[in-house]
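Understanding the architecture of this molecule
Residue-level listing of the chains:
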Amino acid sequence: MSTAPLGVLVDRWPRHLIPGWSGRWAVAPPARAFALAGLARSSEGPILALVPGELEAEELADDLALFTGAVSLLPAWETLPFEHVSPNAATMARRSQARHELATGRGGTVVVASARAASQRISPSPVEPVVAEAGAVIDFEELVRKLVAIGYRRTERVEARGELAVRGGIIDVFPAQAEEPIRLDFWGDQVEEVRVFSIATQRSVEPAERLVAYPAREFRPDPAVAAAAQGLLTREPWAASTWDRLVAGMAFAGMESWLPWLAPARTVLNELPEHGRLVVFDPVRCRDRSRDLVKEEGELAAALAPTWGQGAPAAGDHPALYLDLDEALAGRPALAAPPVATGPDDPVLEVRGLDATPGDPESVAAGLARLLAAGVTPVVAMDGAAAADRVARLLGEQGLALARRTSLSDVEAAVLPVGIHRGFVHPASGVAVLGEQEVAGRRRAHRRVLRRSRAEGAAQYRDLEAGDYVVHHRHGIGHFEGLVTRTITGVERDYLVVAYAAGDKLYVPTDQLAAIRKYTGGEAPRVSRMGGQDWAATKNRVRQAVAAVAQQVVALHRARAEAAGFAYPEDTPWQGELEGSFPYEETPDQLSAIVDVRADMEGERPMDRLVFGDVGFGKTEVAIRAAFKAATAGRQVAVLCPTTLLAQQHLATFGERFAPYPMRVEMLSRFLTARQQAEVVKGLAGGEVDVVIGTHRLLSEDVRFANLGLLVVDEEQRFGVAAKDQIKRLRVGVDVLTLTATPIPRTLEMALTGIRDVSHIRTPPEDRHPILTYVGPYDSPSVSAAIRRELLREGQVFYVHNRVQSIERAVARLRELVPDARYAVAHGRMSEGQLEQVMLDFWNRQYDVLVATTIIESGLDLPQVNTLIVERA
């Protein structure tokens, strides 16, 4: 049980407000954690706390851990009914841990669950952990057998959660619910040592107290499940192959989808012991969410029923994964806590916010001083040591000296390096806990939005339509007229017909398709004449232009190699604070890229570094830290984006991270009016703008920088050579950081020859779920099921239909399949204003499905989109 850094504050808990364990009690969301901690102190048994949403549950568990150490989160499976994909091992282990602690917990234990997690049918498989301590006598082979039986996979080398390796008298285990792997060193059947070891080096690091390994599979083919499967062999023969495997004790991927057929209709509420207590926050929303889950699962079953095969149950006859909470709550007294009082006799835990302007040290210090004068003890809980040090210093400069602590041993006004999602002021108990949102004006943590991008592929020949412009490498630009069959010299062949000026036509055999390319130049071109000199002259002019650009590039890079760059000073305390505000753990490759960029910027030579890696591997965070380093040194930063929408999203991301600091972040694109653009341009020239995020508009002649220090080029593959090098010419000594998931050949060649430095981020974030890809003919039930799955998990869908002419018909088909979803359309023939509004509305979740052409390839930031359906993929 961990020590809670704010646990001493619970001594101030107003116990007279508890109305017993069956009734209503008004508590505002910011005070939920404080309220639960107080209730846990007075409870003889464990507490199960329900909230409507998954994110609410995660944040409540985080905040509750500040007040009491006995907290567990019961997560919902990230997979959905009928998906035939196994949930993440960590998710299943943490569910087992929460269920075990709920069933065995004593007073003070709290388990937090969302309505979805609480509505989910539970597995009949045992949830007890395997435990081993130093000095214990344990049968070596029996311990290995137990770990395998609860779902641990035996490998040669442990590298991920849920894995097990045996070497001589050593057992390596990575507990699926834990953060670090454990090594057990045996002498015979006695455990001599228990140590943490490093995944990277496989070397022991430090002693550990013991091994606690919860099941890596929540649903397993143990005797109870095998017996249930045996009974289904006669009643449900349509899935006999599945029941046979379970009867034989075989575990397989996706077996969790069959849990409803093999488990009784029980939820976690049925596991709460008699002396345990139930608290339901926002009960109306919890019940509504539970009913929605039951309804949506039924609709998904109806969409999939035609694919189940002969003898399968009808859609309404299938056993459900999600059970109605009303039935489970019926016989269980609960303390229902709506956000506001609903009756005159409902006890109320009244809380309020800090009377101050977030981000203004003078105002915040004055607000805290007023609390102290009123007898309220304020505790400032900031994210990380750097942020806590800075706040303590700034408050001290305003004449308010608060103690700097790592945890509280007594109730006192202090600044702590522990973040809280939602702070509160509770005058009745004389306690106030304030976090990033109240003090700095930003949330403790936010979802890192990940950019999805890919290089544009060449047009496929099958996409050619009559009337399209095409280019033949010898004869130039012509009109494609279609495919014909001709018999020449007794041989029947297919030909592509291309029409040229003066009525000439060219028949291209299908075995010479490489000579033809679809024209991608944009505006309508002039058709060439076969046998004429115009195409040769055009190619000659292009060659000369390319040669000229190449000479300019060579000259520019020669000048940059010889120029003296700006050597940035070492990181400031602000830099450490900004990096500490990153709410996720950096991967090793990401840290390496950050170190490389820092070294480049602190060196004398102008930086020219390429950072590339797969989508979602953390390239944007590298750019944010580099931009902040440049801005704190008084240098301006330009972030070049390919689209106005991406620029808008970068503005939100950079603006949120830089908000607590005296820096001006602006955007320059066609989203702005002429007057707004003029103000930004003036601010760049005068040095008032520290960071500008923009599109090609940044390359305009009127844009001048007072002190440009860093250029960040995002989605490099979408810019031309001249465009990228044009802005470099503004300052030969400017540092350049290029981000891409798909490096272009020219960039790779420059990297290989040493002209540019490269950082490759290869490591995916921990627990990143693999992308599942299905390829097959168009199938309406599959499309309907995919969309309904996403609605069930409150996500969004991209539906790619790459034909503007028929895109509305595609929407109509989808409306017939899934009428409950909200649809939007986006394609390149829409005006920029229309496209902008549609994308912003989709970003704000006003639509569930975006039916679009390949315009979505422009690197947009939509992390809630989990499903991509592509017609004619």
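Described below are features of the structure shown in this document.

Observations regarding the sheet that holds strand β15 (residues 334-337)
Overall, parallel pairing links the 6 strands, which are arranged β1-β15-β14-β3-β5-β4 in an open sheet. Because the sheet does not close on itself, it has two edges, and the strands there are β1 (23-24) and β4 (71-74). Sheet topology note: the β1/β15 ladder contains 2 bridges and is parallel. By the bridge assignment for β15, glycine 23 is matched with leucine 335. Packed onto the sheet, helix α2 (residues 54-64) meets β3 (47-51), β4, β5 (110-114) and β14 (277-281) and runs at close to 160° relative to β5. Set on the sheet, helix α9 (residues 283-304) makes contact with β1, β3, β14 and β15; between it and β14 the angle comes to about 90°.

A few points about the pairing of strand β22 (residues 469-472)
With 4 bridges joining them, β22 and strand β23 (residues 476-488) adopt antiparallel strand pairing. The partner of valine 470 across the bridge, within β23, is glycine 478. In sequence, β22 turns back onto β23 through a hairpin of 3 residues.

Some words on the packing of α9 against helix α22 (residues 780-792)
α22 packs onto α9 with a crossing angle of 170° between their chain directions and a minimal axis gap of 9 Å. On the basis of the axis angle, α9 is roughly antiparallel to α22. Contacts between α9 and α22 involve Arg289, Leu293, Glu296, Glu297, Glu299, Leu300, Ala303 and Leu304 from the first element and Pro781, Ser784, Ala785, Arg788, Arg789, Leu791 and Leu792 from the second. Each residue belonging to the contact of α9 with α22 can be placed in one class, and the counts come to 8 nonpolar, 1 polar and 6 charged.

So, empty space enclosed by the protein
Following the criterion strictly, the structure yields 8 cavities of 30 Å³ or more and no others. By volume, the second largest cavity amounts to about 90 Å³. Along its surface, the second largest cavity is lined by Trp77, Thr79, Leu80, Pro81, Phe82, Val85, Glu256, Ser257, Pro260, Glu297, Pro319 and Leu321. The residue makeup of the lining of the second largest cavity, split by class, is 8 nonpolar, 2 polar and 2 charged.

Concerning the pattern of salt bridges
This structure, assessed with the given rule, holds 45 salt bridges. The shortest N-O distance in the salt bridge between arginine 32 and glutamate 56 comes to 3.6 Å. One end of the pair, arginine 32, is in helix α1 (residues 32-41); the other, glutamate 56, is in helix α2, and 24 residues separate them in sequence. Residue classification places glutamate 56 among the partly exposed residues on the basis of a relative accessible area of 24%. Measuring nitrogen to oxygen at the nearest pair gives 2.9 Å for the salt bridge that ties arginine 95 to glutamate 218. Of this pair, arginine 95 sits in helix α3 (residues 89-104) while glutamate 218 is found in the loop between β13 (210-213) and α6 (223-235), placing the two residues 123 residues apart along the sequence. Judged by its relative accessible area of 1%, glutamate 218 falls in the buried class. Residues joined by salt bridges that share partners form a network here, namely Asp571, Glu579, Glu586, Arg598, Glu602, Glu621, Arg625, Lys629 and Arg657.

Overview of α22
Relative to the 18 Å expected for 13 residues at 1.5 Å per residue, α22 spans 18 Å between its end C-alpha atoms, a close match to the ideal helical length. Looking at the buried residues of α22, the elements they touch are α9, β34 (796-800), α23 (807-817), β36 (849-852) and β37 (865-870).

Regarding the sheet that holds strand β31 (residues 708-714)
Read from one edge of the open sheet, 7 strands run β29-β30-β28-β31-β32-β27-β33, paired in parallel fashion. The open sheet has two free edges, formed respectively by β29 (665-668) and β33 (757-761), since each of these has just one partner strand. Within the sheet, the average angular offset between the axes of one strand and its neighbour, ignoring direction, is 20°. Where strand β28 (residues 636-640) meets strand β30 (residues 691-694), 4 bridges bridge the pair, whose relative direction is parallel. Bridging from a neighbouring strand, valine 637 pairs with valine 691 of β30.

Calculation rules
Residues numbered from 1 in each chain as written. Predicted model: local features only at pLDDT ≥ 70, side-chain atom pairs only at ≥ 80, totals over all residues. Heavy atoms only, no water. Pairing = 2+ DSSP bridges. Helix = DSSP H or I, 4+ residues; strand = E, 2+ residues; numbered from the N terminus. Contact = heavy atoms within 4.5 Å. Axes fitted to C-alpha atoms, helices over the stretch in contact; angles between N-to-C directions. Parallel < 35°, antiparallel > 145°, perpendicular 65-115°, else oblique. Nonpolar A, V, L, I, M, F, W, Y, C, P; charged D, E, K, R; others polar. 1 Å grid on protein atoms, 1.4 Å probe; cavity = no way out; pocket = protein on both sides within 12 Å on 5 of 7 lines; lining within 4 Å. Points joined across faces, edges and corners; volume = space filled by probe spheres on them. Salt bridge = Lys/Arg side-chain N within 4 Å of Asp/Glu carboxyl O. Buried < 20%, exposed > 50% of the residue type's maximum accessible area, 1.4 Å probe, protein only. Expected span 1.5 Å × (residues − 1).

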